[in-house]
Amino acid sequence: MTATTDPFVPEITPVDTRYVWCDGAGDIRGGENYRPAALGHPRVYMEIDEKGYVDCGYCDRRFVLNGPAGEHGNREIGPGDLPAPADGSVN
């Protein structure tokens, strides 16, 4: 399961920078006398790590890093990704 195909992530937002923010109201329409941020959550700032993505703790929106840096770490660790303890590479 990759960062962009997780069925438990309600929304995926591709980004070009490791530092992102979320207020939960990015896709809520705005207009005169209508403040979409009031319908979201407090603004939080996050940093994308070596996995290539980060999830918002409030709304579960996933921010996935575009480009080569994100392509290398765009999936979660699976059982076959770790060395076996008997091969001498793990202390």
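Look up: the structure comes first, before these words.
Residues numbered from 1 in each chain as written. Predicted model: local features only at pLDDT ≥ 70, side-chain atom pairs only at ≥ 80, totals over all residues. Heavy atoms only, no water.

A. Structural context of the overall build of the chain. On a plain count of helices and strands, the chain comes out with one helix and five strands. Listing every helix and strand of the chain by position from the N terminus yields β-β-β-β-β-α. Burial analysis of the chain (91 residues in total) assigns 26% to the buried set. Long-range contacts, defined as pairs at least 24 residues apart, comprise 51% of the intrachain contacts of the chain with a sequence gap of at least 6. Here the chain displays about 6,600 Å² of accessible surface, and carbon together with sulfur accounts for 53% of that area. (Helix = DSSP H or I, 4+ residues; strand = E, 2+ residues; numbered from the N terminus. Buried < 20%, exposed > 50% of the residue type's maximum accessible area, 1.4 Å probe, protein only. Contact = heavy atoms within 4.5 Å. Areas by Shrake-Rupley, 256 points an atom, 1.4 Å probe, with all protein chains shown as cover.)

B. Expanded view of the sheet that holds strand E1 (residues 12-15). The three strands lie next to each other as E1-E5-E4, forming an open sheet whose pairing is mixed. The open sheet has two edge strands, E1 and strand E4 (53-55), and neither has a second partner. Geometrically, the sheet is characterised by an average inter-axis angle of 20° between neighbouring strands, direction not taken into account. Where E4 and strand E5 (residues 62-65) come together, three bridges link them in antiparallel fashion. Counted as the bridge partner of Asp 55 is Arg 62 from E5. (Pairing = 2+ DSSP bridges. Axes fitted to C-alpha atoms, helices over the stretch in contact; angles between N-to-C directions.)

C. Spatial organisation of the state of the cysteines. A complete count under the given rule lists zero disulfides for this structure. For the unlinked cysteine Cys 56, the closest cysteine sulfur is that of Cys 59, found at 3.7 Å. Free of any disulfide, Cys 59 has its nearest neighbouring cysteine sulfur in Cys 22, separated by 3.6 Å. (Disulfide = S-S within 2.5 Å.)

D. Looking closely at the side chain of Arg 62. With respect to the element layout, Arg 62 can be found in strand E5. In this structure the side chain of Arg 62 is engaged in a polar contact, spanning 2.7 Å, whose partner is the side chain of Asp 55. (Polar contact = N/O pair within 3.5 Å; in protein donor to acceptor, adjacent residues only side chain to side chain.)

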